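One letter stands for each residue in the lines below.
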Amino acid sequence: MTTTTSRKRLLNGLSDATGGIGDRFRALPKWQRGLAFLAFVAFLYYLPLLGIPGLTWLRTDSIEGGNNWAGVLFVCAVYVLIAIGLNVVIGLAGLLDLGYVGFFAVGAYSVALFGSTQSPVVKALQERFDLPQGWAVAWAICIPIAIAIAMISGVLLGWPTLRLRGDYLAIVTLGFGEIIRIVVRNVSWSGGPHGVAAIPGPEGAPSADNQVFGLIDAKPWYWLALTVVLLLVLAVRRLENSRVGRAWLAVREDEDAAAVMGVYPFKYKLWAFAIGAALGGISGALFASRQGFIEPNQFNAQLSILFVAMVVVGGAGNMAGVALGAFLLAYLPERFRDFAEWRFLVFGLALVLVMLLRPQGLIPSRRRARELKDRAEEVPASV
Amino acid sequence: MSDQNPDVTSEETPDLDEIRSSGPVPRQREVLLDVDHVTLRFGGVTALDDVSFSLYRGEILGLIGPNGAGKTTCFNVMTGVYRPTSGAVRFAGQKVTGRKPHQINRMGIARTFQNIRLFPEMTALENVMVGTDSQHHTSVMGALFRLYRKKVKPHELPVVDSTNGAVRIWQQVRLGCAKVFGISRHTLEERAGERKALELLKFVGIVGRANELARNLPYGDQRRLEIARALATEPKLLCLDEPAAGFNPAEKEELNQLIRRIRDLGYTVLLIEHDMRLVMGVTDRIVVLEFGKKIAEGTPAEVRDNPKVIAAYLGEPADAA
Ligand SMILES: Nc1ncnc2c1ncn2[C@@H]1O[C@H](COP(=O)(O)OP(=O)(O)OP(=O)(O)O)[C@@H](O)[C@H]1O
Ligand SMILES: [Mg+2]
């Protein structure tokens, strides 16, 4: 008994602390919130250059053998993008997708297979259409292709499976993620187990001559990824506050009741899958472009579980929450590299602790109150 | 079947008189919903056994019967949750059976649930706005890009009311944009939906709780919210499944008034209710089910005096009838 009460007190204390900040922030006038958000965005763009005296210990290269700071930030941004996409599926529409890595892989492989001069697909196209040796699809065209293919795969997966509920859907999606990995490993047109190299970036194939998006300096890559994240956060926010977002929540809360209220659950679930897949595809494409090389084993089921963990730890349904969750899960293992193998144990324990203390996630989802003080008064009492 | 004549035009209740005096007198009673020899079996259980009845436009029909009689199952068949084993349901001349629940809702049937089924993590207002889904035309692309714009009347333009200089400039920019480019259909629909939801919340008397999560509402307000959400779908027929369950007499009287107001607005109402005083007071006609069979149909007075109904409610064998 005593442990539960003390746990409750601790939990309440934590919620009060964080919830209090959130409430105070929400109470600010709109323009002040806007300014605070802009300042935060500016800080995010400044982050790779971080040199403020008291804060340099945050950098991953401040420790022995630490990874390139901007490179880590780039990975964090890609993970945040993944979390935002997966949040649409899990957090908003309430569909447990354990195969999200599949869409990430589809995005990555789309760019690799169409953009790299070494890919079997490009070689086949060269032969078929008598194209010169160095020809490949331009990066700027590869990205929309990647998004389209990821979306199509999302629809193809969703069409037959979204009639399933709960655990069944989770199992089928888990299978989907594995199937993608096994297929690209075993067919000849995907480069097989050796993967694909020479994947292009915005400046074309990776080479030492690239001025901005080079191999060494990761800062431009981070800024690119951050820009994409911010644009897509705005896009998803628009969806959340629309008919579509409401329908997603309604389907998540009670699918049958939503259907009886005129919402077609299948349509909205399919949209959630397609949009989630598109976001997964974009993040895969960015990831592959930066890496320059991908192989099937990078896209294993463990990664899917990590993605779900980011969403659940951060707070399913809340974009700020899942972004924080994704950032922490990508950043912490890098920053605490000096704990060597112990870091994964500590990391796992930390996850368990978070789930015990804050089962709703670090920043739980909370419906925002609408500002309707005066409007509620003025509507007439008749329909 | 001869003693269960549904066309009891000679014995009109005062409520019907009221309606008729308020509008033009309808020459013929128009059948809105037709339940036609519906049978539904769950394995060995026959939940509905060859049930037939009709519902006329503008009336309040009571559906009563002891526990487990099949009343809720009847709603589920009408709203597409279950498919009948045989028989069919028609609504306004169109076949309902075989359509999906959301299609049936869009034909004009809305319902509430016996065991309240709101969307607990959404606010009361959002719950009602979900009901307006079918009245929106924008979907994913419309919400994302908001390119479809409409010119609006002056009173719909954004207001410039801030005293803070910077904010005021921002508001003026928005006003200018709205004047030049119009306002997106998405925004207009959102506003219309919100306004409609507020009106409905006010109609059922819980507008003060619009921003509260449905799960935090008191029990009675949850029942009211379910009614508001169902009305938001703009139905022709509203089906209420034990809306007064758990209410005290004062609340029941309020509900009684609410149902009458709903009927006066032109909705047809099908009401499942155990409280006999409420049913007898508010309905025009009553259909009685027992063990999945229809055992009686008629005006409240007829049903009250029907020996089969008395037997069903007192639990005696109905062989005397
Ligand atoms: N999904 C189902 N599967 C099996 N049997 C069911 C199902 N739904 C209902 N039944 C059975 O059908 C019969 C009618 O149930 P129903 O819920 O329609 O009764 P009701 O008239 O609404 O009763 P109450 O007044 O208690 O709400 C019951 O015997 C019930 O057990
Ligand atoms: Mg019932």
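Residues numbered from 1 in each chain as written. Chains lettered and ligands numbered in written order. Predicted model: local features only at pLDDT ≥ 70, side-chain atom pairs only at ≥ 80, totals over all residues. Heavy atoms only, no water.

Student: Would you mind going over the pattern of salt bridges with me for this structure?
Tutor: Any two side chains of opposite charge can pair if their charged atoms end up close together. Counted according to the given criterion, the structure contains 29 salt bridges over all chains. Across the salt bridge formed by D217 of chain A and K219 of chain A, the nearest N and O atoms sit 3.5 Å from each other. A salt bridge links R224 of chain B to D221 of chain B, with the nearest nitrogen and oxygen atoms 3.6 Å apart. Pair noted here: R224 of chain B and D221 of chain B are both in helix α8 (residues 219–231), with a separation of three residues, about one helical turn. An identical accessibility class is assigned to R224 of chain B and D221 of chain B; each is buried. When salt bridges with common partners are traced through the structure, they connect R209, E212, D221, R224 and E254 of chain B into a single cluster. (Salt bridge = Lys/Arg side-chain N within 4 Å of Asp/Glu carboxyl O. Helix = DSSP H or I, 4+ residues; strand = E, 2+ residues; numbered from the N terminus. Buried < 20%, exposed > 50% of the residue type's maximum accessible area, 1.4 Å probe, protein only.)

Student: Sorry if this is basic, but what is going on with the interface of chain B and chain A here?
Tutor: It is common to give the size of an interface as the accessible area lost on bringing the parts into contact. Facing the 51 residues of chain B at the interface are 41 residues of chain A. Taken together, both faces of the contact between chain B and chain A bury some 4300 Å²; the carbon and sulfur share is 61%. Summed over the shared surface of chain B and chain A, the result is four salt bridges. For D254 of chain A, the salt bridge identified is with R117 of chain B, shortest N-O distance 2.8 Å. Connecting chain B to chain A are twelve residue pairs in polar contact (both at pLDDT 80 or more). Taken together, the elements giving at least two residues each to the side of chain B that touches chain A come down to α3 (101–107), α4 (124–131), α5 (140–145), α6 (165–181), α7 (185–204) and α8 of chain B. In terms of residue count, the dominant contributor to the side of chain B that touches chain A is α7 of chain B (nine residues). In terms of residue class, the side of chain B that touches chain A is built from 24 nonpolar, twelve polar and 15 charged. (Contact = heavy atoms within 4.5 Å. Buried area = accessible area lost by both parts, 1.4 Å probe. Polar contact = N/O pair within 3.5 Å; in protein donor to acceptor, adjacent residues only side chain to side chain. Nonpolar A, V, L, I, M, F, W, Y, C, P; charged D, E, K, R; others polar.)

Student: For this particular structure, what's the right way to read the pairing of strand β10 (residues 268–272) of chain B?
Tutor: Note on strand geometry: in a regular strand, side chains alternate between the two faces of the sheet. All names here are of chain B. Of all five residues that make up β10, five are buried, and the element is covered over most of its length. Burial along β10 is two-sided: the face carrying T268, L270 and I272 and the face carrying V269 and L271 are both buried. Both strand β3 (residues 60–64) and β10 contribute to a ladder of four bridges, which runs parallel. Looking at the pairing, G62 lines up with L271 of β10. For the handedness criterion, the β-α-β arrangement of strand β9 (residues 237–241), helix α9 (residues 249–264) and β10 is classed as right-handed. (Pairing = 2+ DSSP bridges. Right-handed = clockwise from strand over helix to strand, strands pointing away.)

Student: Explain the environment of Q291 of chain A to me, please; I cannot follow it from the model alone.
Tutor: You can see Q291 of chain A is positioned in helix α11 (residues 265–291). Separated by 94 residues in the primary sequence, Q291 of chain A and A197 of chain A have C-alpha atoms spaced 9.0 Å apart.

Student: So what exactly am I meant to see when it comes to the pairing of strand β11 (residues 285–290) of chain B here?
Tutor: All names here are of chain B. Burial analysis of β11 places six of its six residues in the buried class, which makes it a mostly covered element. Burial along β11 is two-sided: the residues R285, V287 and L289 and I286, V288 and E290 are all buried. Strand direction decides the pairing type here: β3 and β11, joined by four bridges, are parallel. The partner of I64 across the bridge, within β11, is V288. Direction of pairing for β11 relative to strand β12 (residues 293–298): antiparallel, over a ladder of five bridges. Across the sheet, I286 pairs through a bridge with G298, a residue of β12. In sequence, β11 turns back onto β12 through a hairpin of two residues, with F291 there showing a positive phi of about 45 degrees.

Student: How should unusual backbone geometry be read in this particular structure?
Tutor: Of all residues except glycine, most have a negative phi; of all peptide bonds, most are trans. Residue and element names in this part refer to chain B. If you check the backbone angles, H37 has positive phi at about 50 degrees while not being a glycine. Note on placement: H37 falls in strand β1 (residues 31–42). With a relative accessible area of 44%, H37 lands in the partly exposed category. Look at E242: it is not a glycine, yet its phi comes out positive at around 45 degrees. Topologically, E242 is positioned in the loop between β9 and α9.

Student: It is not clear to me how the sheet that holds β12 of chain B should be interpreted in this structure. Could you clarify?
Tutor: Where strands meet in a sheet, backbone hydrogen bonds hold them as pairs that are either parallel or antiparallel. Residue and element names in this part refer to chain B. The sheet built from six strands is open, its strands ordered β6-β9-β10-β3-β11-β12 with mixed pairing. Sheet topology places β6 (109–111) and β12 at the edges, where each strand pairs with a single neighbour. When strand polarity is set aside, the average angle formed by the axes of neighbouring strands in this sheet is 20 degrees. Running at roughly 160 degrees to β9, α8 makes contact with β6 and β9 of the sheet. (Axes fitted to C-alpha atoms, helices over the stretch in contact; angles between N-to-C directions.)

Student: Which parts of the structure should I look at to understand the nonpolar core?
Tutor: Across soluble globular proteins, you tend to see nonpolar side chains buried next to one another. Counting residues in each nonpolar core, the largest one holds 110 residues, and the members touching the most others are Y79, F104, W248 and F307 of chain A. A total of 18 residues in this core trace back to one element, the largest contributor, which is helix α3 (residues 69–92) of chain A. Setting aside residues no more than four positions away along its own chain, F104 of chain A makes contact with V78, I82, G280, S283, G284, F287, F299, L303 and F307 of chain A. Core analysis: the next-biggest nonpolar cluster, separate from the first, contains 37 residues, F203, I227, L231 and F247 of chain B among them. (Core = buried A, V, L, I, M, F, W, Y, C linked by side-chain atoms within 4.5 Å.)

Student: How should I be thinking about the packing of aromatic side chains in this particular structure?
Tutor: Any pair of aromatic rings gets described here by the distance separating the centres and the angle formed by the planes. Evaluated as defined, the whole model comprises 18 aromatic pairs over all chains. Measuring from centroid to centroid gives 6.4 Å for F43 of chain A and Y46 of chain A, while their planes differ by 50 degrees, and the two rings are tilted. In this pair, F43 of chain A and Y46 of chain A are both assigned in helix α2 (residues 30–46), three residues apart and thus about one turn of the helix distant. Judged by its relative accessible area of 32%, F43 of chain A is partly exposed. Taking relative accessible area as the criterion, Y46 of chain A reaches 29% and is therefore assigned partly exposed. Through pairs of rings, three or more aromatic residues link up here, namely Y79, Y100, F103, F104, Y109, F176, F273, F287, F299 and F307 of chain A. Across the ring face of F266 of chain A, the terminal group of R163 of chain A is positioned such that the distance to the ring centre comes to 4.4 Å. Sitting above the plane of the F113 of chain B ring, R117 of chain B keeps its charged end 5.1 Å from the centroid. (Phe/Tyr/Trp six-rings, centres within 6.5 Å; stacked < 30°, edge-to-face > 60°. Lys NZ or Arg CZ within 6 Å of the ring centre and 35° of its normal.)

Student: Could you clarify how one ought to interpret the coordination of the magnesium ion (ligand 2) in this entry?
Tutor: Ideal geometry at a metal centre gives angles of 109.5 degrees when four donors are arranged tetrahedrally and 90 or 180 degrees when six donors are arranged octahedrally. Residues and elements named next belong to chain B. On the protein side, the magnesium ion (ligand 2) has T72 (OG1) and Q114 (OE1) as donor atoms, found 1.9 to 2.1 Å from it. Residue T72 is located in helix α2 (residues 71–78), and its partner Q114 is located in the loop between β6 and α4; the two are separated by 42 residues in the primary sequence. Judged by its relative accessible area of 31%, Q114 is partly exposed. (Donors = N, O, S within 2.8 Å, 3.2 Å for Na, K, Ca; no water.)

Student: Looking at this structure, I do not really get α2 of chain B. What am I missing?
Tutor: Since the α-helix advances by 3.6 residues per turn, residues separated by three or four positions end up pointing in the same direction. Residues and elements named next belong to chain B. Of all eight residues that make up α2, seven are buried, and the element is covered over most of its length. Where α2 is concerned, the buried positions are K71, T73, C74, F75, N76, V77 and M78. Looking one or two residues beyond α2, the residue adopting positive phi is G80, at roughly 85 degrees.

Student: Just checking my understanding: could you explain the site of ligand 1 for this structure?
Tutor: Residue and element names in this part refer to chain B. Residues in contact with ligand 1 amount to 13 residues; listed here are only the nearest, G68, K71, T72, T73 and Q114. At 2.5 Å from an oxygen atom of ligand 1 is found a side-chain nitrogen or oxygen belonging to T73. Take Y82: an N or O atom from its side chain is 3.0 Å from a nitrogen atom of ligand 1. Here ligand 1 has 630 Å² of accessible area as a free molecule, and 64% of this is covered by the chains. When residues in the shell around ligand 1 are grouped by element, the largest group, three residues, is from α2. Across the shell around ligand 1, the residue classes break down as four nonpolar, seven polar and two charged. (Near = heavy atom within 4 Å. Areas by Shrake-Rupley, 256 points an atom, 1.4 Å probe, with all protein chains shown as cover.)

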